[in-house]
Amino acid sequence: MQINDRAKVVFKDYSPKQILLLPPSLEEMIDPTHPVRVVNQVIDSLDIDVLIKKYKGGGSSSYHPRLLLKVLVYGYLTNQYSSRKIEQATKQNVHFMWLSAMSYPDHNTINRFRSDRLKGVLREVFSQVVLLLVEKGIITLKEAYLDGTKIEANANRYTFVWGRSITKSKERIKKQLDELWDYAESVAREELENNEPDSFESIDQESVLRTIQSIDKALKGKQVDKKVKQKLNYARKNWPESLKKYKQQEKTLGSRNSYSKTDPDATFMRMKEDHMLNGQLKPGYNWQISTENQYILGYTLHQSATDTNTLPEHMKSLKDNLGKMPDVLVADAGYGSEENYQYLEENGVEAFVKYNYFHVEQSKKWKSDPFKTDNLQYDTDNDYYTCPAGQKMNFIREEIKRTDNGFKQTRRIYRAQKCEGCHLRTQCHNQKGNRIIGINHNLNNYKSIIRERLNGERGRKYRSQRPVDVEAVFGIIKGNRNYRKFLLRGLEKVEIEVGLLALAHNLSKIAAKN
């Protein structure tokens, strides 16, 4: 007789149709240290009067803004950004059900709250969380690490408007209008004698239409070349409307060089996420954050692709929302400029901000090159430079340039006396005639101060900490949270999105610390 050596299999009790004597409590289903409890606790402690004031009153009852803020923030914390997915989660996910107290706002309600109710007030709510972190001693606001990243907008990559294209189109119309006028003068000079426009430099819809009408009137009854007649018909039909369109597009562009037709607030920028590996420009926004211990202190959103021009606005935002600027600011070379150094100095912020070529100029090759402009000897008393051959390079003029923000930069220009026949000529420069150099003395003074700070003990510490502190935050948001493209359109709405991301990130950090 064969003996069965298999042990008896025992399964846990499984009775899906069993009726419970008492309903289960959602409270018991959630771990005491779960992040959802931090979201609930922190948002309950916030003053949301500014948010409540967005409701007019009257009509049917509304979902409480605290409820909607909780589910939205927790959605962003758990990588659920779509209003439809959040709606679904409030019916299926125990954490969302607990947060919403078994309320089920639909996706339209959630999206309207995010797009409209949070407009202009979310930053104040976010600032309360930052100040709460200061109160608990988690951060101090003494040091801040600044960096930015470009995130693609929710816009068509191939429907764009370029400022350069508008300029070229207007120049083409000017040229062709000038040619038509010259032709009309050759055929009917007497008729156009008193109607000649002052110039075609200031070209707009009204002036072009007026000029075309004058040409039409002068050529009436004359024998006109067939090609000229076709061009005149085309001009009459298309140019006034085209110029009207260009005027509106220039108004939308402002100081930018491009925008997307499907999100006019988005500017075309070069992104790190380049799936085609061809440096393709995509519509997007430049998101700037400042951090301390990987907590986000403040955020700003910009339409400019360059980081340099964003610093003053970002620092002002920190002061407006937190009551003060940090004592120390650490940033990479993208922010190093005379304007930014002066701004930080005037506002009492100690700058540990690199400038271009900071690392290169530390090399032995750079320091030992006598032909580098930075290595030329300068006589401060008599204001002249000495070239490697021993010649004086005297001051000849001053050049003033204004940045996009209106900041005035002054460069002093110096020229060598006689480079012809110099035995070092080919090594020194390849300019025609005598060597000319442009020096910004104010910037050089700032660079000297910054160089000394960055090479000191504190500077080395800040430089090594910066990538760990601020760049890691973008890594978490883009990598761990998989947030690489905005959902909403328009600068104001996208700013709400980055505010929710920043708020969710800070609450996530608090939960992890707890």
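These notes cover the structure that comes with them. One numbering rule holds for all chains: residues counted from 1, following each sequence as written. Residues qualify for local features only when their pLDDT is at least 70, as the model is predicted, and side-chain atom pairs are given and counted only at 80 or more; totals for whole chains, interfaces and linings, by contrast, use all residues. For side-chain calculations, the full set of non-hydrogen atoms in the structure is used, while hydrogens and water are omitted.

Note that a disulfide, as used here, is simply two cysteine sulfur atoms within 2.5 Å. For the structure shown, the criterion picks out 0 disulfides. Cys-419 forms no disulfide, and the closest cysteine sulfur to it belongs to Cys-428, at a distance of 6.2 Å. Whether a residue is buried, partly exposed or exposed follows from its accessible area with a 1.4 Å probe, protein chains only, as a fraction of its type maximum: under 20%, in between, or over 50%, in that order. Residue classification places Cys-419 among the buried positions, given a relative accessible area of 8%. Distance from the sulfur of Cys-422, which forms no disulfide, to the nearest cysteine sulfur (Cys-387) is 6.1 Å. The class of Cys-422 is partly exposed, set by a relative accessible area of 22%.

What follows concerns the packing of aromatic side chains. To pair, rings of Phe, Tyr and Trp, with the six-membered ring standing in for Trp, must have centres within 6.5 Å; the planes then decide the type, stacked if under 30 degrees apart, edge-to-face if over 60, and tilted in the middle. The full count for this structure, using the stated rule, is 20 aromatic pairs. Relative to Phe-268, the ring of Trp-162 lies with its centre 5.5 Å away and its plane at 40°, an arrangement referred to as tilted. Note that Trp-162 is positioned in strand E2 (residues 160-162) and Phe-268 in strand E4 (residues 267-270), a separation of 106 residues in sequence. Exposure remark for Trp-162: the relative accessible area of 27% places this residue in the partly exposed category. With relative accessibility at 5%, the residue Phe-268 sits in the buried group. Where Tyr-385 meets Tyr-414, the ring centres are 5.1 Å apart and the plane angle is 75°; that geometry is what we call edge-to-face. In this pair, Tyr-385 sits in strand E10 (residues 384-386) while Tyr-414 sits in strand E12 (residues 408-416), placing the two residues 29 residues apart along the sequence. For the pair formed by Tyr-385 and Tyr-414, the shared burial category is buried. Here a set of aromatic residues connected by ring pairs shows up, and it is made of Tyr-76, Tyr-81, Tyr-285, Tyr-483 and Phe-486. We note Arg-123 situated over the ring of Tyr-299; from NZ or CZ to the ring centre the distance is 4.4 Å. Helix and strand definitions follow DSSP, with helices as H or I runs of at least four residues and strands as E runs of at least two, each counted in order from the N terminus. Our definition puts a charge over a ring when NZ of Lys or CZ of Arg is within 6 Å of the ring centre and also within 35 degrees of the ring normal.

This paragraph deals with helix H2 (residues 35-45). Note: α-helices contain 3.6 residues per turn, so residues at a spacing of three or four share the same orientation. Of the positions making up H2, those classed as buried are Val-36, Arg-37, Val-38, Val-39, Asn-40, Val-42 and Ile-43. Buried residues belonging to H2 abut helix H1 (26-29), helix H4 (65-77), helix H6 (94-99), helix H8 (122-135) and helix H19 (491-513). Here, two residues are considered to be in contact whenever any of their heavy atoms come within 4.5 Å of each other.

Moving on, we come to the sheet that holds strand E11 (residues 392-402). By this definition, two strands are paired if DSSP reports at least two bridges between them. Spatially, E9-E10-E11-E12-E13 is the arrangement adopted by the 5 strands of the open sheet, whose pairing is antiparallel. Edge positions in the sheet fall to strand E9 (377-379) and strand E13 (436-439), since each has one partner strand and no second. With direction set aside, neighbouring strand axes in the sheet form an average angle of 35°. Pairing geometry for E9 and E10, over 3 bridges, is antiparallel. Between the N-to-C directions of two axes lies an angle of 0 to 180 degrees, each axis being a line fitted to C-alpha atoms and, for a helix, fitted only over the stretch in contact.

What follows is about helix H5 (residues 83-92). Buried within H5 we find Ser-83, Ile-86, Glu-87, Ala-89 and Thr-90. Relative to the axis of H5, the buried residues are bounded by an arc of 160° and lie together on one face. Relative to its buried face, H5 has exposed residues pointing more than 90 degrees away, namely Arg-84 and Gln-92. Where H5 is buried, its residues touch H4, H6 and helix H7 (107-117). With a side-chain oxygen lying 3.2 Å from the backbone nitrogen of Arg-84, the N-terminal cap of H5 falls on Ser-82. Note that the arc is computed from the directions linking the helix axis to the C-beta atoms. Two N or O atoms count as a polar contact when they lie within 3.5 Å, although within protein this holds only if one can serve as hydrogen donor and the other as acceptor, and sequence-adjacent residues are included solely when both atoms are side-chain atoms.

To define a nonpolar core, start from buried Ala, Val, Leu, Ile, Met, Phe, Trp, Tyr and Cys residues and group those joined through side-chain atoms within 4.5 Å. With 94 residues, the main nonpolar core has Val-73, Leu-118, Trp-287, Met-315, Leu-329, Leu-344 and Leu-507 as its most contacted residues. For this core, the element with the most residues is H19, which contributes 11 residues. In contact with Leu-329, other than residues within four places in its own chain, are Ala-144, Leu-146, Leu-311, Met-315, Leu-344, Val-349, Glu-350, Ala-351, Phe-352 and Val-353. Residues Ile-173, Leu-177, Trp-181 and Leu-232 belong to the second largest nonpolar core, which totals 21 residues.

Where side chains of opposite charge bring their charged atoms close, a pairing between them can arise. Salt bridge, as used here, is a side-chain nitrogen of Lys or Arg placed within 4 Å of a carboxyl oxygen of Asp or Glu. Applying the stated criterion across every chain, the model contains 17 salt bridges. In this structure, Lys-91 and Glu-87 form a salt bridge, with 3.6 Å as the shortest nitrogen-oxygen distance. One end of the pair, Lys-91, and the other, Glu-87, are both in helix H5, 4 residues apart, so they sit about a helical turn from each other. The partly exposed category is assigned to Lys-91, whose relative accessible area is 46%. Judged by relative accessible area, Glu-87 falls into the buried class, the value being 15%. Two residues, Glu-152 and Arg-157, come together in a salt bridge whose shortest N-O distance is 2.7 Å.

Quick look at unusual backbone geometry now. Despite not being glycine, Met-102 shows a phi value in the positive range, around 60°. If you trace the backbone, Met-102 turns up in the loop between H6 and H7. The phi dihedral of Asn-482 falls on the positive side, at around 55°, and the residue is not glycine. Note on Asn-482: relative accessible area 54%, which makes it exposed.

Its location among the elements puts Gln-288 in strand E5 (residues 281-292). Here Tyr-335 takes part through its side chain, which lies 2.5 Å from a polar atom of the side chain of Gln-288. Ignoring anything within four residues of it in the chain, the contact list for Gln-288 reads Leu-146, Asp-147, Gly-148, Gly-298, Tyr-299, Thr-300, His-302, Asp-307, Thr-310, His-314 and Tyr-335.

Now for the pairing of E5. In terms of burial, E5 is largely enclosed, as 11 of its 12 residues are buried. Direction of pairing for strand E1 (residues 143-152) relative to E5: antiparallel, over a ladder of 8 bridges. What sits directly across from Gly-148, in E5, is Gln-288. Relative to E5, E4 runs antiparallel, the two being bridged by 4 bridges. Looking at the pairing, Thr-267 lines up with Gly-284 of E5. Bridging between E5 and strand E6 (residues 295-302) involves 7 bridges; their strand directions are antiparallel. By the bridge assignment, Glu-292 is partnered in E6 with Tyr-295. A loop of 2 residues connects E5 with E6, the two strands running antiparallel in sequence, and Asn-293 in this loop sits at a positive phi of about 55°.

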